[in-house]
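# Coordinates in review
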Amino acid sequence: GLVVSCLLAGLVSQELHAQKKPIQVRWWRGSFDAAMTEANERNVPLLIAVTHDGEEANDRIIEDVFSKKAFVKVTESTIPMMANKDFHDTKTVELGGHKREVCTKIGGCTCIQHQNIESEVYEHFFRKTDGVKTPQVMICKPNLDLIERIIDVGSPSQYRDAVKKARKTMGPGISAKDS
């Protein structure tokens, strides 16, 4: 009985350790201007995700879309930026071989980083409008020319197609893996 229990516990432990790391968008961790510069240098589009807390669709896009492998793959050929004005707790995770503090809700960046991006995104895209509809993802050229805007929760293929449209407009670029 005890030997079997120990063997089973060992197998469960091995299975837990064998599971892959969670899929995570590597949200931009720098300034808005630096993202535009990087996108220009690599000739890749900006993917700007705008979310607000307390709305079901915003939670759903974070939990059900941004964590999907297909969406993460789309972001690798962009500069992905998260714009969210709210504060959440932080946790330490390994990103790109480094331990980093990240937002517990968004992941990939800190709350200060997604808040700073949000204020710049608001200034550039929404200050002169009647408000911000969230969630939304905008695909833009490095100079902020809007190529595609997807409001509400889209499918990974919608985001992929929007980035393909940008790639066709912009020409070849350098992916995150190659930079």
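As shown above, the structure is provided for reference.
Residues numbered from 1 in each chain as written. Predicted model: local features only at pLDDT ≥ 70, side-chain atom pairs only at ≥ 80, totals over all residues. Heavy atoms only, no water.

Along the backbone of the chain there are six helices and six strands. Starting at the N terminus and walking to the C terminus, you meet the elements of the chain as α-α-β-α-α-β-β-β-α-β-β-α. In the chain, buried positions account for 40% of the 179 residues. For the chain, restricting intrachain contacts to residue pairs at least 6 apart in sequence, the fraction spanning at least 24 positions comes to 67%. For the chain, the accessible surface area stands at approximately 10,200 Å², while carbon and sulfur atoms represent 52% of it. (Helix = DSSP H or I, 4+ residues; strand = E, 2+ residues; numbered from the N terminus. Buried < 20%, exposed > 50% of the residue type's maximum accessible area, 1.4 Å probe, protein only. Contact = heavy atoms within 4.5 Å. Areas by Shrake-Rupley, 256 points an atom, 1.4 Å probe, with all protein chains shown as cover.)

Let's shift gears to the pattern of salt bridges. Any two side chains of opposite charge can pair, on the condition that their charged atoms come close. As enumerated under the stated definition, the model contains seven salt bridges in all. Arg42 is the partner of Glu38 in a salt bridge, and the nearest nitrogen-oxygen pair spans 3.6 Å. Pair noted here: Glu38 and Arg42 are both in helix α2 (residues 32-42), with a separation of four residues, about one helical turn. In this structure Arg42 comes out as buried when scored by relative accessible area, which is 8%. Among the salt bridges present, the one from Lys105 reaches Asp59, with a minimum N-O distance of 2.7 Å. (Salt bridge = Lys/Arg side-chain N within 4 Å of Asp/Glu carboxyl O.)

Below, the discussion takes up the side chain of Asn58. When you line up the elements, Asn58 lands in helix α3 (residues 56-65). Polar side-chain contacts of Asn58 include one of 2.5 Å to the side chain of Glu55. Sequence-distant contacts of Asn58, defined by excluding residues within four places in its chain, comprise Val50, Thr51, His52, Thr134 and Pro135. (Polar contact = N/O pair within 3.5 Å; in protein donor to acceptor, adjacent residues only side chain to side chain.)

Within the open sheet, the four strands sit side by side as β2-β1-β5-β6. Their pairing is mixed. Every other strand in the sheet has two partners, leaving β2 (79-83) and β6 (146-151) as the edge strands with one partner each. Across the sheet, the mean angle separating the axes of adjacent strands is 15 degrees when strand polarity is ignored. As paired elements, strand β1 (residues 46-50) and β2 share five bridges and run parallel to each other. By the bridge assignment for β2, Leu47 is matched with Pro80. Contacting β1, β2, β5 (136-140) and β6, helix α5 (residues 111-126) runs over the sheet at an angle of about 95 degrees to β2. Packed onto the sheet, helix α6 (residues 156-170) meets β1, β5 and β6 and runs at close to 175 degrees relative to β6. (Pairing = 2+ DSSP bridges. Axes fitted to C-alpha atoms, helices over the stretch in contact; angles between N-to-C directions.)

The space that makes up the largest pocket amounts to roughly 1,100 Å³. Contributing to the lining of the largest pocket are 39 residues, with Gln24, Val25, Arg26, Trp27 and Leu95 lying nearest its centre. Among the secondary structure elements, those contributing two or more residues to the lining of the largest pocket are α2, α4 (69-75), β2, β3 (90-95) and β4 (98-103). A total of four residues in the lining of the largest pocket trace back to one element, the largest contributor, which is β3. (1 Å grid on protein atoms, 1.4 Å probe; cavity = no way out; pocket = protein on both sides within 12 Å on 5 of 7 lines; lining within 4 Å. Points joined across faces, edges and corners; volume = space filled by probe spheres on them.)

Another aspect to go through is the environment of Arg160. Checked against the element boundaries, Arg160 lands in helix α6. By relative accessible area, which is 39% here, Arg160 ends up partly exposed. It is 5.6 Å that separates the C-alpha atoms of Arg160 and Val74, two residues lying 86 residues apart in sequence.

A word on the pairing of β5. Summarising burial for β5: five of the five residues are buried, a large majority. By the alternation rule, side chains of β5 split into Gln136, Met138 and Cys140 and Val137 and Ile139, which are all buried. Sheet analysis places β1 next to β5, joined by five bridges and oriented antiparallel. Residue Ala49 lies in a different strand from β5, and its bridge partner there is Val137. Two strands pair when backbone bridges link them, and β5 and β6 are joined in this way by five bridges, in the antiparallel orientation. Bridging from a neighbouring strand, Gln136 pairs with Ile151 of β6.

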